[in-house]
Amino acid sequence: MASQNLQSVPAELSPEEQERERAGQAYFDRIIAEDSRIEPRDWMPEAYRKTLLRQVSQHAHSEIIGMQPEANWISRAPSLKRKAILMAKVQDEAGHGLYLYSAAETLGQSRDKMMQDLIDGKARYSSIFNYPAVTWADMGAIGWLVDGAAICNQVPLCRASYGPYGRAMVRICKEESFHQRQGFEILLELSNGTPAQKQMAQDAVNRWYAPALMMFGPPDDDSPNSKQSMAWNIKRFSNDELRSRFVGMMVEQVRVLGLTLPDPDVRFNEETKKWEHGPLDWNEFKDVLAGKGPCNAQRMERRRQAHEDGAWVREAAAAYAAKQAQKEHAA
Amino acid sequence: MSNPTETHSKETPWPLWEVFVRSSRGLSHVHAGSLHAPDAVMALRNARDLYTRRNEGVSIWVVPADAISSSDPDSKGSFFESPQGKDYRHATYYTKSEGVKHL
């Protein structure tokens with residue numbers, strides 16, 4: 001249920017309000033301690049609401065912007081089958097965006113405001129989508145590495161303490177595994193093709209490997225919000241922990257592909273029992289987030305254009321609905 | 001939220017609908033999520049595209065979100081108090097019949 005009541009805390013609280021705040025906080029703390037779920041109309045601390053709203057809306061924006069690198073290849077897919085698969089995948093990304101916008105709305109932000117923030121460049125989305133998809137093999141690498149990293153990140157989010165977010169993630173994760181498998185299959189077919197096709201697959205893996213690892217966010221010692229998110233049971237594992245797990249999975253899978261990871265430093269640390277990877281360029285990560293990635297401007301422009309191009313459709317639908325309602329009223 | 005006060009858009013926001021999907025014949029409709037649409041017909045079509053892309057349903061209900069009344073979250077304790085402590089409403093309360101067949 002998406003009932004929304006954005007309760008802003010007034011600067012000065014009456015004794016009764018203070019009492020309600022205290023009771024609310026105690027209730028919230030107990031729910032979190034029991035590892036139960038917070039639902040939209042429950043009392044929650046403003047910081048919890050804000051953190052979630054930021055995370056869930058950014059996540060939604062990422063799904064919507066994430067349609068672009070792949071939609072770009074629909075008209076050039078190598079076969080009708082691949083075209084149909086790619087269209088289904090891009091449609092899924094739209095769906096995932098909509099599930100997440102619905103979840104974010106329950107925190108008291110209107111859908112239109114979120115959309116507008118994205119278009120106005122006020123909202124962030126995952127840095128990964130600001131890299132170009134230059135060859136068909138990138139469709140494989142995006143599915144295998146980018147969706148693979150997303151799944152790794154999202155499976156624990158199914159247990160996020162905020163009910164609507166967890167429920168959206170359950171739905172998304174179910175659908176996402178097709179995305180990763182179809183990407184793997186694209187790479188495998190290329191890898192077993194001509195030497196040039198195999199090289200194309202390897203080049204794509206080389207391009208997407210580091211950006212995919214950076215999807216997990218900054219290293220733990222440089223991720224100030226992580227600790228609080230973990231205390232609130234929004235996040236279940238740290239960025240580095242998830243990244244390490246992901247590297248371990250990729251090491252196995254890249255062998256099946258007959259390709260290699262572009263990282264000579266990947267190793268299993270017997271002491272910590274964790275997978276380690278080579279250094280990542282976090283300055284690049286920050287630059288891309290700050291809007292200086294190779295495709296930031298293009299992605300934003302495309303989103304804006306799509307929104308404007310759709311305006312007449314939205315207007316027509318609204319006009320039709322109003323007319324029908326009037327007719328019904330008159331009848 | 002169907003009535004935002006922001007002045008960012010001249011377009012009227014579409015109302016929010018709650019979507020219920022019957023996954024197969026014989027089962028009840030279960031809440032799947034929500035969406036925005038200008039009217040019920042569009043809401044149904046959008047719900048089909050959004051919540052049944054993989055044959056998840058054989059029937060869909062859409063309900064205007066503001067038509068739903070719900071219990072007050074702040075009074076959940078007292079509102080649901082009545083069944084508490086009434087374990088005798090469950091079959092598991094009656095242990096003496098354990099081991100007796102077909103009971």
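Per an unreviewed UniProt entry, the recorded name for chain B is Ring-1,2-phenylacetyl-CoA epoxidase subunit PaaB, and the organism is Arthrobacter cupressi.

The name given to chain A in an unreviewed UniProt entry is Ring-1,2-phenylacetyl-CoA epoxidase subunit PaaA, and the organism recorded there is Arthrobacter cupressi.

Q: Kindly report on the layout of surface pockets, identifying the contributing residues and their values.
A: In this structure, the largest pocket occupies an estimated 1,600 Å³ of space. Lining the largest pocket are 43 residues, and of these A:Leu98, A:Met115, A:Arg303, A:His307 and A:Arg314 sit closest to its centre. Only α3 (67-71), α4 (80-105), α5 (111-119), α12 (296-309) and α13 (311-330) of chain A together with β2 (30-36) and α1 (40-51) of chain B provide two or more residues apiece to the lining of the largest pocket. The class makeup of the residues in the lining of the largest pocket is 18 nonpolar, 13 polar and 12 charged. Counting contributing residues per domain, the lining of the largest pocket is built from domain 1 (23-283) and domain 2 (295-330) of chain A, each supplying no fewer than three. If you trace the second largest pocket, you find 47 residues lining it, with A:Gln55, A:Gln58, A:Asn153, A:Met215 and A:Gly217 closest to the centre. By residue number, the principal contributor to the lining of the second largest pocket is helix α2 (residues 46-65) of chain A, which donates seven residues. For the lining of the second largest pocket, the residue count by class is 19 nonpolar, 16 polar and 12 charged.

Q: Give a detailed account of the packing of α5(A) against α12(A), specifying residues and quantitative values.
A: Residue and element names in this part refer to chain A. Where α5 contacts α12, the axes come no closer than 9 Å and their chain directions differ by 135°. Comparing their axes, α12 and α5 come out oblique. Between α5, through Met115, Leu118 and Ile119, and α12, the contact on the second element is made entirely by Met300, Arg303, Arg304 and His307. Grouping the constituent residues of the contact of α5 with α12 by class yields four nonpolar, one polar and two charged.

Q: Which residues make up the domain arrangement of chain A, and what values go with them?
A: Residues and elements named next belong to chain A. Looking at chain A, the domain boundaries give domain 1 (23-283) and domain 2 (295-330). In this structure, domain 1 and domain 2 have C-alpha centres spaced 29 Å apart. Contacts between domain 1 and domain 2 engage 13 residues on the former and nine residues on the latter. A buried area of about 1,000 Å², summed over both sides, lies between domain 1 and domain 2, and 59% of it is on carbon and sulfur atoms. Three residues, Gln68, Ile119 and Asn130, lead the burial of domain 1 against domain 2; their summed loss comes to 54% of the area buried on that side. On the surface where domain 1 and domain 2 come into contact, there are zero salt bridges. When contributions to the side of domain 1 that touches domain 2 are tallied by element, the ones reaching two or more residues are α2, α3 and α5. No other element matches α5, which puts three residues into the side of domain 1 that touches domain 2.

The rules behind each value
Residues numbered from 1 in each chain as written. Chains lettered and ligands numbered in written order. Predicted model: local features only at pLDDT ≥ 70, side-chain atom pairs only at ≥ 80, totals over all residues. Heavy atoms only, no water. 1 Å grid on protein atoms, 1.4 Å probe; cavity = no way out; pocket = protein on both sides within 12 Å on 5 of 7 lines; lining within 4 Å. Points joined across faces, edges and corners; volume = space filled by probe spheres on them. Helix = DSSP H or I, 4+ residues; strand = E, 2+ residues; numbered from the N terminus. Nonpolar A, V, L, I, M, F, W, Y, C, P; charged D, E, K, R; others polar. Domains from an automatic or database assignment. Axes fitted to C-alpha atoms, helices over the stretch in contact; angles between N-to-C directions. Parallel < 35°, antiparallel > 145°, perpendicular 65-115°, else oblique. Contact = heavy atoms within 4.5 Å. Buried area = accessible area lost by both parts, 1.4 Å probe. Salt bridge = Lys/Arg side-chain N within 4 Å of Asp/Glu carboxyl O.

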